[in-house]
Amino acid sequence: MHISELETPALVVDLDIMERNLSRVAGYAREHHLRLRPHTKTHKVPALGKRQLGLGAVGLTVAKTTEAEVMLDAEPADLLVAYPVMGAQKLDRLRRVAKRTQVTVALDSAEAARALSAAGVDVRVLVEVDLGLGRTGVAPGDVAALVQEVVALPHLDWDGLMFYPGHIKGMTGEDEARLARLRRDLHDVLLTLTALRLVPRVVSGGSTPLLFHSHTIEGMNEIRPGTYIFNDLNTAAMGACGLEDCAATIIATVVSRREGHMIIDGGSKTFSSDRLATGGADFGQIVGMPGAVFHKMNEEHGYVDIRECKNAPAVGERVQVLPNHICVAVNLHERIYGVRQGTVEESWTVAGRGKLQ
Ligand SMILES: Cc1ncc(COP(=O)(O)O)c(C=O)c1O
């Protein structure tokens, strides 16, 4: 099938670009002896997780226990749930997943560790440390106490540390300072643990914006990038990739047009309402139509200002939109179509979409 025959709105992935992104990062991880445990929240497709494993990933990462169930189909040797697991149903689910593969859980509280242990779930544990994001994670000075608690609990096998450097968006002066601080804090945590003879096997960090700086973070031996498989306008705006590295776009049809403005057949339920992380008022970039501004959305309507656009399409014609934040957009779609030079070569069900528990 040709791409022009797809019913819109359709989420399409350029396979040549995606494969280049996957190989580049697999090669980088190999070159720098970094374990690669990609975060699958970006694609939510077991077949794509399988490709990442085929290229040398040591395991896969998920945020939720329901996503872990879905990703079992990728047959990972190890699944990291990079999110504290709370509540009886989630613990039950985790126990079932742990019967089928090695499970690692990241946590940042004694409560989460005790609940996991009391539920009798045999898992590896990464203690999460906050190295500047200010989200989850214990303060660097509290890591050792939580590690000691985990080590003492039955069923839990302490495997190391996890952090997420989501506060470092690019490599501006401020980000350089944040990265220097992160390196210092991590170094101090590792010194403290070593003095207590608590040596982590895994120190897991990494994000897409910081990806190719990972080898400069001493002591970190694993990366968990997610967005890198597709990249998006955010990644490009942060300077972490070029527009030519963005694999995923959404094809939409112009359903209405008036003087200076047109409506496309997708809104916040197709693209998500995320604005660019670096600032900006648009909801995506219309490929090949300079001057077209995708400035407003309702649920099923996208408003594009075409006053400054010389080649705006007619009603019934199509546009290709590069989304701001691909991970959220993927979660809104049932299928992803893999396209090579205009031909739809394969398609995948987004099996992990809506898996929020
Ligand atoms: C804990 C954790 N690890 C890894 C990632 C992957 O980050 P990125 O998509 O920037 O590669 C995320 C993203 O939200 C995350 O929350």
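Further up the page is the structure itself.
If you're wondering where the values come from, they're calculated on a predicted model, not measured in any experiment.

### Considerations on the overall build of the chain
Here is step 1: For the chain, the helix and strand inventory stands at 10 helices and 17 strands.
Here is step 2: Radius of gyration (C-alpha) of the chain: 22 Å, near the 21 Å computed for a compact globule of 357 residues.
Here is step 3: When each of the 357 residues of the chain is scored for burial, the buried share is 54%.
Here is step 4: Taking as baseline every contact in the chain between residues at least 6 positions apart, the subset at least 24 positions apart corresponds to 64%.
Here is step 5: Summed over its atoms, the accessible surface of the chain is roughly 15300 Å², and 49% of this surface lies on carbon and sulfur atoms.

### Considering the site of the ligand
Here is step 1: In the vicinity of the ligand, the residues found are His39, Lys41, Arg135, Tyr164, Ser207, Thr208, Pro209, Arg224, Pro225, Gly226 and Thr227.
Here is step 2: With respect to the ligand, the side chain of arginine 135 contributes an N or O atom lying 2.9 Å from an oxygen atom.
Here is step 3: Contact between the ligand and tyrosine 164: an oxygen atom at 3.2 Å from a side-chain N or O atom of the residue.
Here is step 4: Contact with the protein chains removes 90% of the 390 Å² of surface that the ligand exposes when unbound.
Here is step 5: Of the residues contributing to the shell around the ligand, the split by class is three nonpolar, five polar and three charged.

### Focus: helix H4 (residues 88-98)
Since the α-helix packs 3.6 residues into each turn, any two residues three or four apart lie on the same face.
Here is step 1: Where H4 is concerned, the buried positions are Leu91, Arg93, Leu94 and Val97. For H4, the angular spread of the buried residues around the axis is 160 degrees, confining them to a single face. Of the exposed residues in H4, the ones pointing more than 90 degrees away from its buried face are Ala88 and Gln89.
Here is step 2: Among the structural elements, helix H3 (65-71), strand E4 (78-81), strand E5 (102-107) and helix H5 (110-118) are those in contact with the buried residues of H4.

### Re the state of the cysteines
Here is step 1: Under the defined criterion, the tally for this structure stands at zero disulfides.
Here is step 2: Of all cysteine sulfurs in the structure, the one in cysteine 246 sits closest to cysteine 241, which takes part in no disulfide; the separation is 4.2 Å.

### Description of the side chain of arginine 224
Here is step 1: Relative to the helices and strands, arginine 224 resides in the loop between strand E9 (222-223) and helix H8 (233-237).
Here is step 2: Within the local environment of arginine 224, its side chain forms a polar contact with the backbone oxygen of phenylalanine 163, the two atoms lying 3.0 Å apart.
Here is step 3: Within polar-contact distance, the side chain of arginine 224 engages the side chain of serine 204 at 2.8 Å.
Here is step 4: Once you skip the residues sitting within four places of it in the chain, arginine 224 turns out to touch Arg37, Pro38, His39, Thr61, Leu80, Met162, Phe163, Tyr164, Ser204, Gly205 and Gly206.

### Quick notes on helix H6 (residues 143-152)
Here is step 1: Among the residues making up H6, those that are buried are Val143, Ala144, Leu146, Val147 and Val150. Buried residues along H6 cover an arc of 165 degrees about the axis, so they all sit on one side. For H6, exposure combined with an orientation more than 90 degrees from the buried face picks out Ala145 and Ala152.
Here is step 2: Turning to H6, the residues buried within the fold contact E5, H5, strand E6 (123-128), strand E7 (156-162) and helix H7 (173-195).

### Focus on the packing of aromatic side chains
Here is step 1: Applying the stated criterion to the full structure yields three aromatic pairs.
Here is step 2: Judged by centre distance (5.2 Å) and plane angle (80 degrees), the ring pair of tyrosine 28 and phenylalanine 212 falls under edge-to-face. Linking tyrosine 28 in helix H1 (residues 15-31) with phenylalanine 212 in the loop between strand E8 (202-205) and E9, this pair joins segments that are 184 residues apart in sequence.
Here is step 3: Judged by centre distance (5.0 Å) and plane angle (80 degrees), the ring pair of phenylalanine 271 and phenylalanine 294 falls under edge-to-face. One end of the pair, phenylalanine 271, is in helix H9 (residues 268-271); the other, phenylalanine 294, is in strand E13 (residues 293-297), and 23 residues separate them in sequence. For the pair phenylalanine 271 and phenylalanine 294, a shared accessibility class is recorded, and that class is buried.
Here is step 4: An aromatic cluster of at least three residues, connected via ring pairs, comprises Phe271, Phe283 and Phe294.
Here is step 5: Note that lysine 64 overlies the ring of tyrosine 83, its terminal NZ or CZ placed 5.1 Å from the centroid.
Here is step 6: The ring of tyrosine 303 has lysine 296 sitting right over it, with the charged end atom 4.5 Å from the ring centre.

### Some details on the pattern of salt bridges
Here is step 1: This model, assessed by the stated rule, comprises 24 salt bridges.
Here is step 2: Note that glutamate 334 is salt-bridged to arginine 353, the shortest N-O span being 3.9 Å. Residue glutamate 334 is found in the loop between helix H10 (326-330) and strand E16 (335-340), and its partner arginine 353 is found in the segment after strand E17 (343-349); the two are separated by 19 residues along the sequence.
Here is step 3: Judged by relative accessible area, which is 31%, arginine 353 ranks as partly exposed.
Here is step 4: One connected set of salt bridges, linked through shared partners, spans Asp16, Glu19, Arg51, Arg340, Glu345 and Glu346.

Conventions used here
- Residues numbered from 1 in each chain as written.
- Predicted model: local features only at pLDDT ≥ 70, side-chain atom pairs only at ≥ 80, totals over all residues.
- Heavy atoms only, no water.
- Helix = DSSP H or I, 4+ residues; strand = E, 2+ residues; numbered from the N terminus.
- Rg over C-alpha atoms; globule rule 2.2 N^0.38 Å.
- Buried < 20%, exposed > 50% of the residue type's maximum accessible area, 1.4 Å probe, protein only.
- Contact = heavy atoms within 4.5 Å.
- Areas by Shrake-Rupley, 256 points an atom, 1.4 Å probe, with all protein chains shown as cover.
- Near = heavy atom within 4 Å.
- Polar contact = N/O pair within 3.5 Å; in protein donor to acceptor, adjacent residues only side chain to side chain.
- Nonpolar A, V, L, I, M, F, W, Y, C, P; charged D, E, K, R; others polar.
- Arc of directions from axis to C-beta.
- Disulfide = S-S within 2.5 Å.
- Phe/Tyr/Trp six-rings, centres within 6.5 Å; stacked < 30°, edge-to-face > 60°.
- Lys NZ or Arg CZ within 6 Å of the ring centre and 35° of its normal.
- Salt bridge = Lys/Arg side-chain N within 4 Å of Asp/Glu carboxyl O.

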